[in-house]
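# Observations on the model geometry
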Amino acid sequence: MNRLFAEFMAQRGYPVANVFPPVTASMPMAYSPYDAMNYPMAPVMPAPAMTAEQALAIGDPTQRRLAIGNVLYPRVEAMLPSLNVPAENAPAVTGHLLEIPEDDESFKMMLESEDGLRAAVTNALQFFSGQH
């Protein structure tokens, strides 16, 4: 019988056999697969940074948009505070930027020009605020 279920049943007045010994501080704790703190995690290796040219050169449209988003996101996140917008909005703004362009020229404008990216971010912010 599960300890939590036994406690639940006991609280409601049902007789429950005490099959679990009480846990004391001196008892070693058994490993639980739900307790990730027992073992150190393997280090996560960051993906190598991709340039705008590499992102635009990807053939598969879905993979290309994902790569472009990975290039745009840090730039959008850094730009938002200068536009008096919390950086927490960067995922939504970046997602909106990835849905707008129908061609690679729009992506190139955002990727290669700080002014082009600022204009696209401003348009996205206006869209979110309902001023479109």
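Anyway, here's the lowdown on the structure attached to this text. Note that the structure is predicted; figures quoted are calculated from it, not measured.

### Thoughts on unusual backbone geometry
Despite not being glycine, Asn84 has its phi angle at roughly 60°, a positive value. Along the chain, the position of Asn84 falls in the loop between α3 (61–79) and α4 (90–99). The exposure class assigned to Asn84 is exposed, which follows from its relative accessible area of 73%.

### Examining the packing of α3 against helix α5 (residues 104–112)
Viewed as axis vectors pointing N to C, α3 and α5 meet at an angle of 25°, and their least axial separation amounts to 11 Å. With respect to each other, α3 and α5 are oriented roughly parallel. Where α3 crosses over α5, the handedness of that crossing is left-handed. Where α3 approaches α5, its residues Arg64, Arg65, Ile68, Val71, Leu72 and Arg75 are matched on the opposing element by Asp104, Phe107, Met110 and Leu111.

### Some details on α3
In this model, α3 (19 residues) spans 26 Å end to end at C-alpha, consistent with the 27 Å of a helix rising 1.5 Å per residue. Along its length, α3 reaches its greatest deviation from straightness, about 30°, at Leu72, and the proline Pro74 lies no more than four positions downstream. Within α3, the full set of buried residues consists of Arg64, Ala67, Ile68, Gly69, Val71, Leu72, Val76 and Met79.

Each value, and the rule that gives it
Residues numbered from 1 in each chain as written. Predicted model: local features only at pLDDT ≥ 70, side-chain atom pairs only at ≥ 80, totals over all residues. Heavy atoms only, no water. Helix = DSSP H or I, 4+ residues; strand = E, 2+ residues; numbered from the N terminus. Buried < 20%, exposed > 50% of the residue type's maximum accessible area, 1.4 Å probe, protein only. Axes fitted to C-alpha atoms, helices over the stretch in contact; angles between N-to-C directions. Parallel < 35°, antiparallel > 145°, perpendicular 65-115°, else oblique. Left-handed = near helix turned anticlockwise from the far one by under 90°. Contact = heavy atoms within 4.5 Å. Expected span 1.5 Å × (residues − 1). Bend = angle between axes of the 7 residues up to and from the residue.

Interpretation in functional terms is not warranted from these geometric data alone.
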